[in-house]
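# Residue-level structure breakdown
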Amino acid sequence: MEVPCVRVALEHGEATRAALADADLIDDGYEIAVEDGRIYIPIADPDGVSDVLEAPEIVPRTVAERESQTTPADLLAFEPTYERLGRAALIDEDDPERAQAIADAILESDLPVETVLNKASKVKGETRVRDWELLAGENTEVVHREYGCEFLLDLSDVYFSPRLATERHRVAEQVTADEHAFDMFAGVGPFVVPFAKRGAECVGVDINPKAIDYLRENARRNGVEDRVTAINDDVRTVATEYENWADRIVMNLPHSADDFLESAVTLAGDDCTIHYYDIQHEDDPFGPGERAIRAAADPEYEVTVETRHTVRSYAPHELNVCLDVRLER
């Protein structure tokens, strides 16, 4: 199968492999290949390589899948369900014995995992955090990488979903340099940091003080602290300080984003794009959000829905969706 690979002279191969491994960028599903004095290292995140290597050469190449890789399923009598977040594996098991068996198998497998966490509660409270049971590892703090950005976070203190990486990248690719971008529920910065890396001036607000601490740290880690303002407050309080400021607004608070539309309209400049996230029944997933936005923006703005995008299935008959909406005064 053809996959992106870092190509480097053989004498630099081990140092390059070690650097990519430390950054969790190697695609462990494929074998490293050697040919004509060069080594080809399969990579999982091509956008992140330039943060680790200077002037990397990335080429597509057909490489063999790793036949010797031991998976958790190889060690169990069933296929376990888990998510990867950096070097942590996240599981959701009610049976303590089954949970521990899965954790043991994950650690014994060839997965580059050091920590295993089991969900111990649903997301709760206005900070949307959950309890975790630590089955393996030292703590609940992890380093996650996606599309060339690095995020430090503690799952016990902040909300973060690795499943939304592709959606965050979809939005980030729309951002241009010198925009004013405002994330109303910023968390640890998964929208703000890539926006700033594309040259935007960003403000991120969150009610969770620990999330804002991590947002500031992640801005520093990614070299964009000079373009990121992080504010710990209710965005409804902050909005008047940034009236007419924003060219782009992210409203990723499904179930209740409509409660904050008045503040979004306050923030919006003369020509502003809002990325509005919602969870609705599959029979009309976009209608309630669109109607709420039009009601909040009328009569000050002309409203154009540019994209109606389904992010993922959320629950039976419910969809997590995004409306990309342009407001023009």
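The paragraphs below set out a description of the structure included in this document. (Residues numbered from 1 in each chain as written. Predicted model: local features only at pLDDT ≥ 70, side-chain atom pairs only at ≥ 80, totals over all residues. Heavy atoms only, no water.)

## Concerning helix H10 (residues 287–297)
- The complete set of buried residues in H10 reads Gly-287, Gly-289, Glu-290, Ile-293 and Ala-297. Seen along its axis, H10 keeps its buried residues to an arc of 165°; they face one direction. Those residues of H10 that are exposed and aimed more than 90 degrees away from the buried face are Arg-291 and Ala-295.
- Lining the buried residues of H10 we find helix H9 (261–267), strand S15 (268–281), strand S16 (302–315) and strand S17 (318–328). (Buried < 20%, exposed > 50% of the residue type's maximum accessible area, 1.4 Å probe, protein only. Helix = DSSP H or I, 4+ residues; strand = E, 2+ residues; numbered from the N terminus. Arc of directions from axis to C-beta. Contact = heavy atoms within 4.5 Å.)

## A closer look at the packing of aromatic side chains
- If you walk through the whole model with that rule in mind, you get seven aromatic pairs.
- Ring centres 6.2 Å apart and planes at 45° place the aromatic pair Phe-191 and Tyr-277 in the tilted group. On the criterion of sequence distance, the pair formed by Phe-191 in the loop between strand S11 (180–183) and helix H6 (192–197) and Tyr-277 in strand S15 is long-range, its members being 86 residues apart. Exposure class is identical for Phe-191 and Tyr-277. Each is buried. (Phe/Tyr/Trp six-rings, centres within 6.5 Å; stacked < 30°, edge-to-face > 60°.)

## Brief notes about the environment of Gly-187
- Counting through the fold element by element, Gly-187 comes out in the loop between S11 and H6.
- When the C-alpha atoms of Gly-187 and Arg-128 are compared, they prove to be 10.0 Å apart, with 59 residues separating the residues in sequence.
- Apart from the residues within four sequence positions on either side, Gly-187 is in contact with Asp-206, Ala-211, Ile-212 and Leu-215.

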